[in-house]
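Structural description and commentary
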Amino acid sequence: MTTVDAISVSNLCKTFGGTRSLFGGRSHEIRAVKDVTLALNHGETLAIVGESGSGKSTLARMVVGLEVPTSGEMKIAGRDASALRAKGPRAFGQTIQYVFQDPVSSLNPRKTIGSILEAPLKRLKGYGGPRRRARMKELMDAVRMPTDALERYPHEFSGGQSQRIAIARALAAEPRIMVLDEPVSALDVSVQAQVLLLLEDLRNEFDLSYLFISHDLAVVEAISDRVAVMYFGEVVEVGSAERLFRSPQHEYTKKLISSAPRLETPTG
Ligand code: ADP
Ligand code: MG
């Protein structure tokens, strides 16, 4: 049996700017992602870590089709990413979903949670009428939220609850892969741990693969199987989380680890 990578990117690049302006000058060119080659294995959590501006979000946004690569190749679930997108939003959404940092702004304030979850369900086959309602309850259950949340509006929920709802909406599309860009960074530390545990349970329950982006090493250490370190647009080191935290190889990784507060060993 051959196993297909959930995501594989080869020599991926993204450059912003550098276009000629009306007045003849060239705008400053930013090479946000430089020649990144990386694979997310099926069933694993691969973290992308690096400081602000290192290109993590740009990489994530290219993978989910929100940003067009300048060059390079991307495969999702073994298929060329643009060919998969060309099959339409249902096929693409059933393969890969995106959850990002700010759960509050990601939920439409004028819609109940029920109607927020309804949109992705309407795209799928087999969720007409009563079955759709039952599925919404299942999704609330899956993210440990009460069923009556379906009748309520986003402003009635805390940041952590809102992120659970955003996760439920992503799950509604029945994806195999999730790209999570700083999904707990806006939450209090105590809430972060709960959402990380939830994500881990969901990954096992629904056989998901996660590309998990974070600038926070404590979070990365808690959730990831493997870690890729980004520095000025490049992946400078990739390895198992266990190996990378124990014996970082690249100078930048060493610096990052030695300067970060850890969950288990508070500094001072
Ligand atoms: P991170 O998520 O690691 O903080 P980003 O991918 O958001 O990093 O940004 C990487 C670099 O690309 C930064 O210098 C940022 O300013 C730049 N950048 C990101 N998006 C754009 C854009 N749409 N236009 C111009 N520059 C951008
Ligand atoms: Mg970012």
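To start, this report covers the structure provided alongside it. (Residues numbered from 1 in each chain as written. Chains lettered and ligands numbered in written order. Predicted model: local features only at pLDDT ≥ 70, side-chain atom pairs only at ≥ 80, totals over all residues. Heavy atoms only, no water.)

Details of the site of ligand 1
Around ligand 1, the structure places Phe16, Ile30, Ala32, Glu51, Ser52, Gly53, Ser54, Gly55, Lys56, Ser57 and Thr58. Backbone polar atom of Gly53 to an oxygen atom of ligand 1: 2.7 Å apart, as the coordinates give it. Separating an oxygen atom of ligand 1 from a side-chain N or O atom of Ser57 is a distance of 2.8 Å. Protein chains bury 60% of the 560 Å² of accessible surface belonging to ligand 1 in isolation. Among the secondary structure elements, those contributing two or more residues to the shell around ligand 1 are β2 (30-40) and α1 (56-63). The dominant element in the shell around ligand 1, judged by the number of residues it contributes, is α1, at 3 residues. Of the residues that constitute the shell around ligand 1, the class distribution is 3 nonpolar, 6 polar and 2 charged. (Near = heavy atom within 4 Å. Polar contact = N/O pair within 3.5 Å; in protein donor to acceptor, adjacent residues only side chain to side chain. Areas by Shrake-Rupley, 256 points an atom, 1.4 Å probe, with all protein chains shown as cover. Helix = DSSP H or I, 4+ residues; strand = E, 2+ residues; numbered from the N terminus. Nonpolar A, V, L, I, M, F, W, Y, C, P; charged D, E, K, R; others polar.)

Digging into the pairing of strand β8 (residues 209-214)
Burial of β8 is extensive: 6 of the 6 residues sit out of reach of the surface. Side-chain alternation along β8 places Ser209, Leu211 and Ile213 on one buried face and Tyr210, Phe212 and Ser214 on a second face that is also buried. As paired strands, strand β3 (residues 45-49) and β8 are joined by 5 bridges and run parallel to one another. When the bridges of β8 are listed, Ala47 appears paired with Phe212. Both strand β7 (residues 177-181) and β8 contribute to a ladder of 5 bridges, which runs parallel. Bridging from a neighbouring strand, Val179 pairs with Leu211 of β8. The parallel pair β7 and β8 is bridged by helix α8 (residues 189-206), and the resulting crossover is right-handed. (Buried < 20%, exposed > 50% of the residue type's maximum accessible area, 1.4 Å probe, protein only. Pairing = 2+ DSSP bridges. Right-handed = clockwise from strand over helix to strand, strands pointing away.)

Let's talk about the packing of helix α5 (residues 113-123) against helix α7 (residues 159-172)
It is the contact of α5 with α7, at a shortest axis distance of 8 Å, that shows an interaxial angle of 25°. In terms of axis orientation, α5 runs roughly parallel to α7. Regarding α5 and α7, the two cross each other, and that crossing is right-handed. Along its contact with α5, which presents Ile113, Ile116, Leu117, Pro120 and Leu121, the element α7 presents Ile165, Ala168, Arg169 and Ala172. Of the residues assigned to the contact of α5 with α7, the class counts are 8 nonpolar, no polar and 1 charged. (Axes fitted to C-alpha atoms, helices over the stretch in contact; angles between N-to-C directions. Parallel < 35°, antiparallel > 145°, perpendicular 65-115°, else oblique. Left-handed = near helix turned anticlockwise from the far one by under 90°. Contact = heavy atoms within 4.5 Å.)

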